[in-house]
Amino acid sequence: DGGITQSPKYLFRKEGQNVTLSCEQNLNHDAMYWYRQDPGQGLRLIYYSQIVNDFQKGDIAEGYSVSREKKESFPLTVTSAQKNPTAFYLCASQQGVIANQPQHFGDGTRLSIL
Amino acid sequence: SQQGEEDPQALSIQEGENATMNCSYKTSINNLQWYRQNSGRGLVHLILIRSNEREKHSGRLRVTLDTSKKSSSLLITASRAADTASYFCATDNIIQGAQKLVFGQGTRLTINP
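Residues numbered from 1 in each chain as written. Chains lettered and ligands numbered in written order. Predicted model: local features only at pLDDT ≥ 70, side-chain atom pairs only at ≥ 80, totals over all residues. Heavy atoms only, no water.

Engineer: Explain the overall build of chain B to me, and be specific about the residues and the numbers.
Structural biologist: A tally of helices and strands in chain B yields zero helices and eleven strands. When the helices and strands of chain B are listed from N to C terminus, the series reads β-β-β-β-β-β-β-β-β-β-β. Against the compact-globule benchmark of 13 Å for 113 residues, chain B has a radius of gyration of 14 Å, which places it among compact chains. Judged by the C-alpha coordinates and their principal axes, chain B covers about 45 × 30 × 20 Å. Within chain B, contacts between residues at least 6 apart in sequence are counted, and of these 54% link residues at least 24 apart. In the form shown here, chain B has an accessible surface area of approximately 5,300 Å², with 44% of it arising from carbon and sulfur atoms. Taking the average location of the 13 positive side-chain charges in chain B and that of its 10 negative ones, the two points are 5 Å from each other. (Helix = DSSP H or I, 4+ residues; strand = E, 2+ residues; numbered from the N terminus. Rg over C-alpha atoms; globule rule 2.2 N^0.38 Å. Contact = heavy atoms within 4.5 Å. Areas by Shrake-Rupley, 256 points an atom, 1.4 Å probe, with all protein chains shown as cover. Lys, Arg positive; Asp, Glu negative; His and termini not counted. Charge placed at Lys NZ, Arg CZ, Asp CG, Glu CD.)

Now the structure itself:
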């Protein structure tokens, strides 16, 4: 079955700690995206990558970092610089880089502060 | 940068009734997409409508697009309890030279049995 896998489903962060959220896709999609969703809100773009070894900042990149060493993988690190990290994080992928294709989403990681 | 705005924010109807959700946006678009999100899950793509299309159907879903009014509507006919979810519109937007999706804040739909 092709799809996107996010792990873990729940994650807790201590003060001053960096945490990494995993996102893996086996759809052979070129583009991958990270979104943040706060309760009752829409999605805000954190980072996106259209090709391996390249990525771009979205609307709310401060306090986050990413890497794209493999086509299948796009991990997101929430650094200690992100002062309000509690949210639902969604990873998505898309065939091609033009926004005329549907995005496929994982089932998210819920991050909370200890 | 919020592009689409859904209306209403929340909608509660009886099973079997039709549900209509609206989306308005600010700048010109090439296409508009609708997604569904069940509680605690990722988004699922429903329909993509291009700027030169006025209406599109998929099963019990009907989407319209009025580019002159910069608005779209999603109609779900003969609603079922399983349709309970949040529904988001997303428009393509050129940001920093790249074409990306911008999501609205969603309509929370509740179908009462």
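Let's pick the thread back up.
Engineer: If you had to explain the overall build of chain A to someone new, which residues and values would you point to?
Structural biologist: The number of helices and strands found in chain A is zero helices and eleven strands. What you see in chain A, going N to C, is helices and strands ordered as β-β-β-β-β-β-β-β-β-β-β. Principal-axis analysis of the C-alpha atoms gives chain A an extent of 40 × 25 × 25 Å. Of all 114 residues assigned to chain A, the portion counted as buried reaches 47%. Looking at chain A alone, contacts between residues at least 24 apart form 53% of all its contacts between residues at least 6 apart. For chain A, the accessible area works out to roughly 5,500 Å², and carbon and sulfur atoms hold 46% of it. If you average the places of the 11 positive and of the 11 negative side-chain charges in chain A, the two averages end up 6 Å apart. (Buried < 20%, exposed > 50% of the residue type's maximum accessible area, 1.4 Å probe, protein only.)

Engineer: An account of the sheet that holds strand E3 (residues 19-25) of chain A is requested, with residue identities and associated values reported.
Structural biologist: All names here are of chain A. The antiparallel open sheet is built from four strands, whose spatial order is E1-E3-E8-E7. Pairing within the sheet leaves two strands with one partner each, and these edge strands are strand E1 (4-7) and strand E7 (64-66). Each strand of the sheet is rotated relative to its neighbour by a mean of 20°, with strand direction disregarded. With four bridges joining them, E1 and E3 adopt antiparallel strand pairing. (Pairing = 2+ DSSP bridges. Axes fitted to C-alpha atoms, helices over the stretch in contact; angles between N-to-C directions.)

Engineer: Can you tell me about the layout of surface pockets, naming the residues and giving the values?
Structural biologist: Reported here for the largest pocket is a volume of approximately 630 Å³. Along the walls of the largest pocket sit 29 residues, with Gln 37, Pro 39, Gly 40 and Gln 41 of chain A together with Ser 86 of chain B positioned nearest its centre. Secondary structure elements with two or more residues in the lining of the largest pocket: strand E9 (87-94) and strand E11 (109-113) of chain A together with strand E1 (5-7), strand E9 (85-95) and strand E11 (107-112) of chain B. Broken down by element, the lining of the largest pocket gets its largest block of residues, four residues, from E11 of chain B. Counted by class, the lining of the largest pocket contains seven nonpolar, 17 polar and five charged residues. Here the second largest pocket defines a volume of roughly 230 Å³. If you go around the second largest pocket, you meet 15 residues; those closest to its centre are His 104, Phe 105 and Asp 107 of chain A together with Leu 43 and Val 44 of chain B. Looking at the lining of the second largest pocket, the elements with two or more residues in it are strand E10 (104-105) of chain A together with strand E5 (43-50) of chain B. (1 Å grid on protein atoms, 1.4 Å probe; cavity = no way out; pocket = protein on both sides within 12 Å on 5 of 7 lines; lining within 4 Å. Points joined across faces, edges and corners; volume = space filled by probe spheres on them. Nonpolar A, V, L, I, M, F, W, Y, C, P; charged D, E, K, R; others polar.)

Engineer: Which residues make up the interface of chain B and chain A, and what values go with them?
Structural biologist: In many reports, interface size means the accessible area that the parts give up when they come together. Each partner contributes residues to the interface: chain B has 23 residues there, and chain A has 25 residues. In total, chain B and chain A occlude about 1,900 Å² of area from one another, counting both sides; carbon and sulfur atoms represent 48% of this. Along the contact surface separating chain B from chain A lie one salt bridge. Its salt-bridge partner being Arg 41 of chain B, residue Asp 107 of chain A comes within 2.9 Å of it at the nearest N-O pair. Where chain B packs against chain A, one counts seven residue pairs in polar contact (both at pLDDT 80 or more). Of all the secondary structure elements, the ones that give two or more residues to the side of chain B that touches chain A are strand E4 (31-37), E5, E9 and strand E10 (98-103) of chain B. Looking at the side of chain B that touches chain A, the element that brings in the most residues is E10 of chain B, giving five residues. (Buried area = accessible area lost by both parts, 1.4 Å probe. Salt bridge = Lys/Arg side-chain N within 4 Å of Asp/Glu carboxyl O. Polar contact = N/O pair within 3.5 Å; in protein donor to acceptor, adjacent residues only side chain to side chain.)

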